[in-house]
Amino acid sequence: MAKDSASGVRVMSRSIVKASVTRPRVVVPVSNLDLLYQDVPVSLLCVYRKPSIGSGDFQFQDVVAAFKTKLPSLLDYFPPLAGRIVANPRSGLPELDCDNQGAEVILCEVGEELGSLHYGDLEASLARIGVPVQCGADVALSLQLVSFACGGFAVVWGSNHVFLDGCALCMIITAWSELAVAGKISAAPPNHDRSVFRPRAPPAYDSSIGELFALASLENTLRALETSFVGRTYYLEERDLVMLRAQAGGPDPNRIPSRLEAVSAYLWKVFATAVGSSDERCRMAWWVNGRRHLTTTAPAEAMRDYFGNVTSYAVAEASVEGIKRQPLPEIACMMRESIKSTATDEHFQQLVDWVEDHKGKQGGAAKYVEAATVGLGSPLLGLTSFASFRFNTDFGFGQAAYAMPIWEDNLRLCCGCGVVTVTTSPDGSCLFFSMSISPRLAAALDSDEQRIFKPLTAEYLRLA
């Protein structure tokens, strides 16, 4: 048993679980879209209340047994999850070695109750107790099962961004929940064929594509970390969401903005107020899932269940005073048009071509980051939305009380980067926001008279 006395987490055991079906070894190259996100650990945290299971007493070992028994079948469905991320000996580029090396399962114990965590800044509270713990850097799937003193538990699904994006990660969790409860997975097998994103010969792209990304240099890293940040975790109730959508929709009853459009318009206004006189302009950025929009770069049927990265980002910039004066419908329209111009076949094809023209030119597996997020240009607030990924977290012990991605990439800490996901409530109407933002923006959100964003509490989650 390993114990971190500073954090309070105890690692009870580490083990490897392999797929039940043995397949011939294959080495899978990653796509050019995967290469944009190298060596960035990504996890999704699911927090569960202590289950009430009939007249019997719940034991954490019931959770452990479920994973040990049924995880091999999940790996049969997602064979690459049992592989290892390695570097190609010639190019230095990452690739996936699939030889059923197995998924990593880490059992942990925390001597605190879930209700004692500070949910208003949950990532900092989790960091204090040491969750998630360090996992294998080369494993394609690392599962951390964490028991708490109250009888509740957490499951951390960990992987690497070079292998998958948020949509693919949610695909795994949903498949697991169905498999654990029903004993089978009804969805079609995922598409692991990276060759759907082929570069053109010769590669062709506009200069604007290259301006979207910057080399992840030490200089850019230090610049991104110059600004101080505070963590915040908020929730947005259904009634406030309905109100924001109505305000952002304007007089046209046929134009009802999406939840993301309405929330973005509101956030941009608050952000502009927080920027104030410190800068004349400000920006917002949105990470865009291309699966629903691509039809020619990759066939629509190939995108429906594609397992990998299909992500780009859109940026919109405006004057601070203009955003403060503009009504919400106009701001929502700016966001909509910015994303619309990014979510196209030609944009993603040019992105594939740009990577093809640059990969290996900076000493093998060079890492690029979104240029807007490294402190260059006007202040930026970035938003990554998991709200459209309706994933199921009930694998036999009830839906998670809380589910949120955990990012471990400091290069995205620009002037604030919010991560949005939908709660596991049956109607999915409540949104959680995990933010790393400037103190001025946090103060503006906390002091808002409308109280749109409310600090998340253990009481709200019914964990206290």
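Residues numbered from 1 in each chain as written. Predicted model: local features only at pLDDT ≥ 70, side-chain atom pairs only at ≥ 80, totals over all residues. Heavy atoms only, no water.

**Q** Quick one: what's the story with the overall build of the chain, residue by residue and with numbers?
**A** The helix and strand tally for the chain stands at 12 helices and 19 strands. By residue count, 56% of the 464 residues in the chain fall in the buried class. Once local pairs closer than 6 in sequence are excluded, the contacts in the chain between residues at least 24 apart make up 81%. (Helix = DSSP H or I, 4+ residues; strand = E, 2+ residues; numbered from the N terminus. Buried < 20%, exposed > 50% of the residue type's maximum accessible area, 1.4 Å probe, protein only. Contact = heavy atoms within 4.5 Å.)

**Q** Describe the pattern of salt bridges, naming the residues involved and giving the relevant values.
**A** For the structure on display, the rule yields 17 salt bridges. A salt bridge links D165 to R291, with the nearest nitrogen and oxygen atoms 2.8 Å apart. Of this pair, D165 sits in the loop between β9 (153-160) and α3 (166-182) while R291 sits in the loop between β12 (281-289) and α8 (300-304), and the two are 126 residues apart along the sequence. Neither residue differs from the other here; D165 and R291 are each classed as buried. (Salt bridge = Lys/Arg side-chain N within 4 Å of Asp/Glu carboxyl O.)

**Q** Run through the sheet that holds strand β3 (residues 26-29), naming residues and quoting values.
**A** One open sheet accounts for 3 strands, arranged β3-β6-β5; its pairing is antiparallel. Each edge of the sheet is formed by a strand with only one pairing partner; in this case those strands are β3 and β5 (84-87). Taken over all neighbouring pairs, the strand axes of this sheet differ in orientation by 35° on average, direction set aside. Sheet analysis places β3 next to strand β6 (residues 94-98), joined by 4 bridges and oriented antiparallel. If you follow V26 over to β6, its bridge partner there is C98. (Pairing = 2+ DSSP bridges. Axes fitted to C-alpha atoms, helices over the stretch in contact; angles between N-to-C directions.)

**Q** So what's going on with the confidence of the model for the chain? Residues and values would help.
**A** Considering every residue of the chain, the mean pLDDT works out to 87; 89% of them sit at 70 or more. Note that pLDDT drops below 50 for residues 1-7; the model gives that stretch 13 contacts with residues more than four away or on any other chain. With pLDDT under 50 throughout, residues 409-418 is counted as low confidence; its partners more than four residues away or in other chains account for 50 contacts. (pLDDT = per-residue confidence, 0-100.)

**Q** Residues and numbers for the packing of aromatic side chains, please.
**A** Counting across every chain of the model gives 27 aromatic pairs. Between F67 and F395, the aromatic rings sit 5.2 Å apart at their centres with planes inclined by 65°, giving edge-to-face as the arrangement. Taken together, the residues F67 in helix α1 (residues 60-77) and F395 in the loop between β15 (380-385) and β16 (402-407) connect sequence positions 328 residues apart. With a centroid separation of 5.3 Å and an interplanar angle of 85°, the aromatic rings of F197 and Y306 are classed as edge-to-face. Within this pair, whereas F197 is found in the loop between α3 and α4 (207-210), its partner Y306 is found in the loop between α8 and β13 (311-319), the two being separated by 109 residues in sequence. (Phe/Tyr/Trp six-rings, centres within 6.5 Å; stacked < 30°, edge-to-face > 60°.)

**Q** Provide a residue-level description of unusual backbone geometry, including the pertinent values.
**A** Residue P132 is bonded to the preceding V131 through a cis peptide linkage, with omega at 0°. A201 connects to P202 through a cis peptide bond whose omega is -5°. By the element assignment, P202 lies in the loop between α3 and α4. Here the phi dihedral of R451 falls at roughly 55°; this positive angle occurs in a residue that is not glycine. Among the residues examined, R451 registers a relative accessible area of 39% and is labelled partly exposed.

**Q** Please give an account of the side chain of K454 that cites residues and values.
**A** Within the secondary structure, K454 sits in strand β19 (residues 454-455). Taking relative accessible area as the criterion, K454 reaches 13% and is therefore assigned buried. Side chain to side chain, K454 and E237 meet in a polar contact 3.4 Å long. Looking at K454, its side chain comes within polar contact range of the side chain of D240, at 2.8 Å. Other than its neighbours up to four places away in sequence, K454 contacts T233, Y234, Y235, E237 and D240. (Polar contact = N/O pair within 3.5 Å; in protein donor to acceptor, adjacent residues only side chain to side chain.)

**Q** Explain helix α12 (residues 439-446) residue by residue, including any values.
**A** Listed as buried for α12 are L441, A442, A444 and L445. With its buried residues spanning 160° around the axis, α12 presents them on a single face. Packing partners of the buried residues in α12 comprise β11 (230-236), α7 (259-275), β15 and β18 (431-437). (Arc of directions from axis to C-beta.)

**Q** Which residues make up the packing of helix α6 (residues 238-249) against helix α10 (residues 328-342), and what are the values?
**A** It is at 6 Å that the axes of α6 and α10 come closest, and there the two elements cross at 90°. Viewed along their axes, α6 and α10 adopt a mutual orientation that is roughly perpendicular. Judged by residue contacts, Q247, A248 and G249 of α6 engage L328, P329 and A332 from α10. Looking at the contact of α6 with α10, its residues break down into 4 nonpolar, 2 polar and no charged. (Parallel < 35°, antiparallel > 145°, perpendicular 65-115°, else oblique. Nonpolar A, V, L, I, M, F, W, Y, C, P; charged D, E, K, R; others polar.)

**Q** Explain the pairing of β5 to me, using residue names and the numbers behind them.
**A** Bridge count for β5 against β6 is 4 bridges, and the pairing is antiparallel. Paired with V86 across the two strands is E95, which belongs to β6. The hairpin turn running from β5 into β6, its antiparallel successor, is 6 residues long, and G92 in that turn takes a positive phi close to 80°.

**Q** Please set out the nonpolar core residue by residue, giving values where relevant.
**A** Ranked by internal contacts, the top residues of the largest apolar core, which has 55 residues, are L74, W157 and F395. Of all the elements in the fold, those that place two or more residues in this core are β4 (41-48), α1, β6, β7 (103-110), β8 (142-148), β9 and α3. If you look at the next biggest cluster of nonpolar residues, it comprises 44 residues, including F271, M284, A316 and I452. (Core = buried A, V, L, I, M, F, W, Y, C linked by side-chain atoms within 4.5 Å.)

**Q** Any chance you could break down the state of the cysteines for me, citing the residues and the numbers?
**A** Applying the stated criterion across every chain, the model contains 0 disulfides. In this model C167 remains outside any disulfide bridge; the closest cysteine sulfur is found in C170, 6.9 Å from its own. (Disulfide = S-S within 2.5 Å.)

**Q** Quick rundown of helix α2 (residues 122-129)? Include the residues and the values.
**A** Turning to α2, its buried residues are L122, S125, L126 and I129. The buried residues of α2 all sit within an arc of 100° when viewed along its axis, so they share a single face. Just beyond α2, the residue with positive phi is G130, at close to 90°.

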